[in-house]
Amino acid sequence: MSSSKPDAIAVDGDSALTGEKLNEFLSVISEARDFHSAATLLVAQFADTAGARRAFALNLASPPETLAVSAAVGFDDAEYPTAQISIHDYDNPVVVSALSLLPLACKDGGTIAGVPFDEWIAIPFPQPQFRNAPKLLPEAKLNRFGLPGCVVHIDSVTERRRRVGLAPAGVIILEASLTPDQLNDLYHAAGLAGPVLSRMAAVEEFRVSTDRLDQQRDLLTAIVNSLPDPIVIINSAGNIVVQNRRAEHLLAFTDADSEGRRRAVEINNLLFTSHLSKAAIGGGVAETSGSRELNMVDPDEGTDLLFEVLTHELTAAEGAHAGSTVSVLRDVTDLRRAAGELERQVQRVRLAEIDAKRERDRLNLILENVADPILVTDDRSNIVLMNKQAEQLFETSDDGDRWIRTDAVRANDTKFTTFISDFTISPARARREQMSLLIPESNIELPVEVVSGKIMNRRGEALAIVSVLHDLTEQVENERLYEELKKFSSELEERIREATTDLAEQNTRLQWQSRELEKANRLKSEFLASMSHELRTPINALIGYTALMLDRIYGELTPRQEDGLTRIQASAQHLLALINDILDLAKIEAGRMPLHLETVSLREVITEITQQIEPLVKKKSALTFSVEMPDQDLEMHTDRTKVKQILLNLLSNAVKFTHTGGIWLTATDLGDRIRLQVRDTGIGIKESDMDAIWEDFRQVDQSRTREFGGTGLGLSITRKLVDALGGKVETESAYGTGSTFSVILPLHSQPRMDSVIRQALPQATDVDS
């Protein structure tokens, strides 16, 4: 590389670069065609001003980790400086001068790395401060570095300039010795020229980067347009911002296009827009990334096209706006057609393999399990395959009777080979003949019937002969067994027909009985439901008149009369409760207990139930009752009467089966549902009885001497009412410790009484219809 000096600006006899000459020099630098030319002009001017024979400039590379040679003058090609100096090498005076923005004068005899001079001057030049720029070395830190043979030039002007928003940019090395005034002048000129050079370097780097980006864009455009698949980039608003030629062929038209092509393009746009809308409704690209199929129309030929849409969301790291997506439409029309044809071919091959396997398994099954000897011979009458039964007739063994067996086998082989040879030259396709063979083990004659058939190729030539040897000795026995089996089969079929006829008759009777029972049960339920008023009225009258007599309306009573009336009243009330339970169950089963939905305050319902249950609790002095409700009152859209009856049934059971301890009613808010929990310390329920307690008219203790009375309908009615309100019941119990019944009801119940009827009488509708 040649480093001849360019023309420099002439200076006065004192070689000062100040005033107008400095301004003219800076103007010349700023008008240079590129950064290298400007740096070369700067080095040449400094060399002329200092009277230096050689000089070069070092600039901070990008990233700013090294000082690299950017321009040089006065060097031959062989001695042109190419060294790169790390900015962390603080033992190098060049690095110290560049990072501290302080000039240095050194006499080191050429021992400094990167400086081929014996005596030289280092003049740093700055650049405007920017983010991540190298920091200036403070003067206090300069004393830590050993700079043998070098003197740092520091004065007030220098220090003031170092602190005015500047950062290190590089350093100029001059092979010269200068006075302090000359050094100050060049340092001042370097301070003004440094920002100009930095700006030119930035402009040049931007221009190079722009050219590179343009080339990459052109290359990318060419690559994308050369792809056979349509590629579309869509912004967050759903508008197409970039598409290649193949995509334009499908989704764009010009004024010169025909009406048919325009319609096809419009259809394609509608289909593509619909696909994007479905992807957005499905959760966006992030959740639907992958492949989806899209049907489109070829605008030129009008044929259907099938594309596999591969969608990818572009991120900010990929240079895209937020929400932009790229879609690649892979034409899989031919692939799908070929895949369908391949699938059909595979199916045919699989069917053929299945048939071949079936035939092979059938042949193996025949060869392995058929009791008759089977032999396969080739076109030369040689035996190539036979089963175990044939081996016993046509193969020798190594036992003690080897010679006898060998003679028998040889005789068998001779007879069979003669038969096969005659059959081979015969034009017949099948042949049947009887012959007498010898059993090798006993040397007893075995009459057999040989049935042979030829396996022919496409040319009509015999490939092989399959022969089956039937033992005629067992033929009669087999025929007899067959006749017996046939007779037994006939008898068995007759018995089966008789049994089937009897079962059909029994099934018809059972179906009739089932319908009659269902009808009777339904009529019973309807009768009880319709007779509720007639059944309750006499008992209510009995209870009413008893109450009037106890209130002395009809006169005074003797103690014995009062005691009798009290017992009558209690028994009548108990009987009324039993009848109410039975009638409620009958109403539910008959479908005559509809829901009356209204807005209900949960706190009011619980308060009313508490007032009804507290007198029962007070009768048991060792029993306590407490209620826990949410601080905020909850409103339910439900049937007030049904909710009260559910809680009353559960609490009544708790009081009945709990003698000591406590009973707790807890209401818990579950969001769109409410949990009502009744917990007691009563006798509990055994694990084996957990299912039985929900049955109609069922109590755990079914004996006549049971301690607790009742109809056994309370829990059954409770479950049916909860089901009608759209809720569920959960039970937890430990025998001897207590029980917990949890009712979970929706805050907004829907009428479900019809489902309760269908569940209670699943066959009733069918019978009526």
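Here the structure is a predicted model, which is why all the values come from computation and not from measurement.

Caption draft 1: Structural context of the layout of surface pockets. Each pocket or cavity is described by its volume, and for the second largest pocket that value is around 610 Å³. Forming the boundary of the second largest pocket are 24 residues, of which Leu60, Ala61, Ser62, Ala201 and Glu205 lie nearest the centre. Of all elements in the fold, only strand S1 (55-60), strand S2 (66-73), strand S5 (119-128) and helix H6 (180-226) reach the threshold of two or more residues within the lining of the second largest pocket. Tallying contributions element by element places H6 first for the lining of the second largest pocket, with nine residues. Grouping the amino acids of the lining of the second largest pocket by side-chain chemistry returns 15 nonpolar, six polar and three charged.

Caption draft 2: A look at the sheet that holds strand S23 (residues 728-734). Ordered in space as S19-S21-S22-S24-S23, the five strands form an open sheet in which the pairing is mixed. The two strands at the open ends of the sheet, each matched to only one other strand, are strand S19 (623-628) and S23. The mean angle between the axes of side-by-side strands here comes to 10°, regardless of whether they run parallel or antiparallel. Direction of pairing for strand S21 (residues 661-669) relative to strand S22 (residues 673-680): antiparallel, over a ladder of seven bridges. Looking across to S22, one finds that Asp669 is bridged to Ile674.

Caption draft 3: Broad picture of helix H16 (residues 602-618). Between the first and last C-alpha of H16 there are 24 Å, a value that for 17 residues agrees with the 24 Å anticipated at 1.5 Å per step. Considering bend angle alone, the principal kink of H16 is centred on Gln612 and spans about 30°; proline Pro615 follows within four residues of it. Among the structural elements, strand S18 (597-601), S19, strand S20 (635-639), helix H17 (640-656), S21 and S22 are those in contact with the buried residues of H16.

Caption draft 4: Here's a closer look at the state of the cysteines. What the rule picks out here adds up to one disulfide. Two residues share a disulfide in this structure: Cys106 and Cys150, whose sulfurs sit 2.0 Å from each other. Its S-S torsion of about 120° marks the bond between Cys106 and Cys150 as right-handed, since a negative value means left-handed. On the criterion of sequence distance, the pair formed by Cys106 in strand S4 (residues 104-107) and Cys150 in strand S6 (residues 150-152) is long-range, its members being 44 residues apart. For the pair formed by Cys106 and Cys150, the shared burial category is buried.

Caption draft 5: Broad picture of the pattern of salt bridges. Taken as a whole, this structure holds 29 salt bridges when the rule is applied. In this structure, Arg431 and Glu433 form a salt bridge, with 3.4 Å as the shortest nitrogen-oxygen distance. Since its relative accessible area comes to 29%, Glu433 is described here as partly exposed. Residues Glu461 and Arg459 are paired through a salt bridge, measuring 3.4 Å at the closest nitrogen-oxygen approach. On the accessibility criterion, Arg459 (66% relative accessible area) is exposed. Connected through shared salt-bridge partners, Glu604, Glu608, Arg640 and Lys644 make up one network.

Caption draft 6: Quick look at helix H3 (residues 93-100). In terms of residue burial, H3 counts as a mostly covered element, since eight of its eight residues are buried. Among the residues of H3, those classed as buried are Pro93, Val94, Val95, Val96, Ser97, Ala98, Leu99 and Ser100. Between the side-chain oxygen at the start of H3 and the backbone nitrogen of Val94 there is a gap of 3.0 Å, and the oxygen is on Asn92. In the segment just after H3, Leu101 is the residue with positive phi, at about 55°.

What counts and how
- Residues numbered from 1 in each chain as written.
- Predicted model: local features only at pLDDT ≥ 70, side-chain atom pairs only at ≥ 80, totals over all residues.
- Heavy atoms only, no water.
- 1 Å grid on protein atoms, 1.4 Å probe; cavity = no way out; pocket = protein on both sides within 12 Å on 5 of 7 lines; lining within 4 Å.
- Points joined across faces, edges and corners; volume = space filled by probe spheres on them.
- Helix = DSSP H or I, 4+ residues; strand = E, 2+ residues; numbered from the N terminus.
- Nonpolar A, V, L, I, M, F, W, Y, C, P; charged D, E, K, R; others polar.
- Pairing = 2+ DSSP bridges.
- Axes fitted to C-alpha atoms, helices over the stretch in contact; angles between N-to-C directions.
- Expected span 1.5 Å × (residues − 1).
- Bend = angle between axes of the 7 residues up to and from the residue.
- Contact = heavy atoms within 4.5 Å.
- Disulfide = S-S within 2.5 Å.
- Buried < 20%, exposed > 50% of the residue type's maximum accessible area, 1.4 Å probe, protein only.
- Salt bridge = Lys/Arg side-chain N within 4 Å of Asp/Glu carboxyl O.
- Polar contact = N/O pair within 3.5 Å; in protein donor to acceptor, adjacent residues only side chain to side chain.

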